Amino acid sequence: MPTWSNWSGRQTSSPTALVSPTSEEEIVSAVASAAADGVSVRAVGASHSHSRIAAPDGVLLNLDDWQGVVSADPENERATVRSGSRIFELGEPLHAHGLALRNQGDIDKQSIAGATSTGTHGTGPTNQNLSASVEGVRLVLASGEVVSCSPDEHPELFELARHSLGGVGLITEFTLGLRPAYRLHERLWKESPDDVFGRIDELVTGTRHFEFFWMPQLDACACKTLAETDAEVDDLPDVKLERIGWSHNIISSIRDDKHTEMEYSVPAEQGPACFNEVREMILRDFPDLEWPLEYRTVRSDDIWISAAGGRETVTISAHQDISLDDRDLFEACEEIFRRYDGRPHWGKVHYLSGADLAELYPRYRDWWRIRDEHDPHDLFVTEDLARLRP
Ligand SMILES: Cc1cc2nc3c(=O)[nH]c(=O)nc-3n(C[C@H](O)[C@H](O)[C@H](O)COP(=O)(O)OP(=O)(O)OC[C@H]3O[C@@H](n4cnc5c(N)ncnc54)[C@H](O)[C@@H]3O)c2cc1C
């Protein structure tokens, strides 16, 4: 019997079968046989979600053999890619066409389907999350039908598939809106939180990307900016406080230290107050915490269940070591985040029910209603996803 665990090892499950398709026909056939057996089917990408959103309880589809760029269209700044493609595998092939993703998250290990299904984002007030760059989706529905969706073709399914939570269908391809390849100048430095918040607007709007990790044991912020530049790519050694390179080589970091994480999105103007309340709570109630809080910004979008939907956003993430209990810390953080109208990251720990989530998103019930119409027997709904049903 196969077993599954996420990246941190915190989430585990026992799927009934493991299938590793190498073609769209094999994906269709795996969906059909799960339907015939009356079990759920779940694709996973890199299993990097901290929540149980990826946990399979029926057939597990591993899409590692379903990767790569299908076609690129530099003139219209877009490309079609297979859903299992890892983000780090897309950088060079897209660069060969003079193209790049508009933005990326803090790491590039995720699959493009996993990243968009949970609203993965990077930072920068002009940068939307990865789902906002999706222009078309091809997916296998519970009926076995393969449909192409876009704002003009099956627009409601397209809307759902932009943040699919794995629950809409088996996505086989994405057409992504891209931009011409670009270089970034990275700068790293340390600064006190009071100084950072004394000039937070200037820091956030002054470069394409600004973020910091606040380290509670030092009460200091490890800050980073990435500014677009035409300067030449440098070849300085890895350990340094400044470097220049193509976006796909610069944006992502290496995060090998296993941790678990909660992240909430709050209205951008509330970000500093919310962050400082969490910081004070940690200094007071969790003085031994060794893991940082991360502070980033995301541009608003129009996706129904996006944490950045309809509002400029600040994201704040709390981390804990996987050898330690995270519940007390995360509950204390969540209590503050919720007072700031926070919305949880779909791929990170939260304790909200479907009813709670329906209060955060005006179209949440519509998302589920349309999903249910296309999948009346819950082929794509695991027990964990069912808990989020309003
Ligand atoms: C070290 C680390 C760093 C991170 N950094 C960031 C960050 O900077 N920004 C951020 O926003 N998040 C970040 N995350 C969270 C992460 O980006 C998300 O949880 C993302 O979903 C993980 O992608 P994945 O490929 O591992 O997806 P998985 O966790 O494997 O799956 C996520 C969801 O996608 C669904 N799915 C996958 N493939 C398909 C498919 N083909 N069709 C339909 N549904 C599918 C799954 O069923 C599941 O519901 C980080 C996580 C870790 C562990």
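Preceding block: the structure.
Residues numbered from 1 in each chain as written. Predicted model: local features only at pLDDT ≥ 70, side-chain atom pairs only at ≥ 80, totals over all residues. Heavy atoms only, no water.

Draft legend 1. Layout of empty space enclosed by the protein. Counted under the stated rule, the structure contains two cavities of 30 Å³ or more. In this structure, the largest cavity is lined by 15 residues; those nearest its centre are Gly119, His121, Ser265, Ala307 and Ala308. Within the residue set of the lining of the largest cavity, elements represented by two or more residues are β17 (259-267) and β19 (313-321). Split into classes, the residues belonging to the lining of the largest cavity amount to four nonpolar, ten polar and one charged. Of the pockets and cavities examined, the second largest cavity occupies roughly 70 Å³. Lining of the second largest cavity is provided by Gln104, Gly105, Asp106, Gly122, Thr123, His209, Phe210, Glu211, Lys224, Leu226, Ile251 and Arg296. Here the lining of the second largest cavity gets three residues from one element, more than from any other, and that element is strand β14 (residues 209-215). (1 Å grid on protein atoms, 1.4 Å probe; cavity = no way out; pocket = protein on both sides within 12 Å on 5 of 7 lines; lining within 4 Å. Points joined across faces, edges and corners; volume = space filled by probe spheres on them. Helix = DSSP H or I, 4+ residues; strand = E, 2+ residues; numbered from the N terminus. Nonpolar A, V, L, I, M, F, W, Y, C, P; charged D, E, K, R; others polar.)

Draft legend 2. Fine view of the side chain of Asp326. Following the sequence through the fold, Asp326 ends up in the loop between β19 and α9 (327-339). Judged by relative accessible area, which is 10%, Asp326 ranks as buried. A distance of 2.8 Å separates a polar atom in the side chain of Asp326 from a polar atom in the side chain of Arg10. Not counting chain neighbours up to four residues away, the residues in contact with Asp326 comprise Arg10, Thr260, Gln320 and Tyr351. (Buried < 20%, exposed > 50% of the residue type's maximum accessible area, 1.4 Å probe, protein only. Polar contact = N/O pair within 3.5 Å; in protein donor to acceptor, adjacent residues only side chain to side chain. Contact = heavy atoms within 4.5 Å.)

Draft legend 3. Highlighting the site of the ligand. Around the ligand lies a shell of 37 residues, among which Ala43, His48, Ser49, Asp106 and His345 are the nearest. In the model, an oxygen atom of the ligand is placed 2.9 Å from a nitrogen or oxygen of the Gly114 main chain. For the shell around the ligand, the secondary structure elements donating two or more residues are β4 (41-44), α3 (112-118) and β11 (170-177). Among the elements that line the shell around the ligand, the one with the most residues is α3, at five residues. Of the residues in the shell around the ligand, the class split is 13 nonpolar, 19 polar and five charged. (Near = heavy atom within 4 Å.)

Draft legend 4. Here's a closer look at α9. The end-to-end C-alpha separation of α9 is 18 Å, in line with the 18 Å expected for 13 residues at 1.5 Å each. By the burial criterion, the buried members of α9 are Leu329, Phe330, Ala332, Cys333, Glu334, Ile336 and Phe337. Tucked into the core, α9 has its buried residues touching β17, α8 (271-285) and β19. Asp341 sits one or two positions beyond α9 and adopts a positive phi of about 60°. (Expected span 1.5 Å × (residues − 1).)

Draft legend 5. Region of interest: the nonpolar core. The biggest cluster of nonpolar side chains holds 77 residues, and the ones touching the most others in it are Phe174, Phe212 and Tyr364. At six residues, α9 tops the list of elements feeding residues into this core. When sequence neighbours within four positions are dropped, the list of residues in contact with Tyr364 reads Ile305, Trp346, Gly354, Leu357, Ala358, Leu388 and Pro390. Of all hydrophobic cores here, the second largest spans 13 residues; its members include Val31, Ala34, Val41 and Leu63. (Core = buried A, V, L, I, M, F, W, Y, C linked by side-chain atoms within 4.5 Å.)

Draft legend 6. Fine view of the layout of surface pockets. A volume near 310 Å³ is recorded for the second largest pocket. Around the second largest pocket, the lining comprises 16 residues; the ones closest to its centre are Ser51, Arg52, His350, Asp384 and Leu388. For the lining of the second largest pocket, a count of residues per class yields seven nonpolar, four polar and five charged.

Draft legend 7. Quick look at the pairing of strand β6 (residues 69-73). Pairing of β6 with strand β7 (residues 78-82), which is carried by four bridges, proceeds in the antiparallel orientation. By the bridge assignment, Ala72 is partnered in β7 with Ala79. Hairpin geometry of β6 and β7 is characterised by an intervening segment of four residues between the two adjacent antiparallel strands and by a positive phi of about 55° at Glu77. (Pairing = 2+ DSSP bridges.)

Draft legend 8. Structural view of helix α4 (residues 155-162). Most of α4 is tucked away, with six of its eight residues classed as buried. Looking at the buried residues of α4, the elements they touch are α3, β9 (134-140), β10 (146-149), β11 and α11 (364-374).

Draft legend 9. Spatial organisation of the side chain of Glu261. If you trace the backbone, Glu261 turns up in strand β17. Polar side-chain contacts of Glu261 include one of 3.4 Å to the side chain of His319. Within polar-contact distance, the side chain of Glu261 engages the side chain of Lys348 at 2.7 Å.

Draft legend 10. The sheet that holds strand β5 (residues 59-62), seen in detail. Within the open sheet, the three strands sit side by side as β3-β5-β4. Their pairing is parallel. Edge positions in the sheet fall to β3 (17-19) and β4, since each has one partner strand and no second. Strand after strand, the sheet turns through a mean of 25° between neighbouring axes, direction not considered. Sheet topology places β4 next to β5; four bridges connect them, and they run parallel. Opposite Val41, over in β5, you have Val59 as the bridge partner. (Axes fitted to C-alpha atoms, helices over the stretch in contact; angles between N-to-C directions.)

Draft legend 11. Focus on the sheet that holds β10. Sheet architecture is open: five strands sit in the order β6-β7-β11-β9-β10, paired in antiparallel fashion. The open sheet has two edge strands with one neighbour each: β6 and β10. Within the sheet, the average angular offset between the axes of one strand and its neighbour, ignoring direction, is 10°. Together, β9, β10 and β11 form the strand contacts of α4, whose direction differs from that of β9 by roughly 95°.

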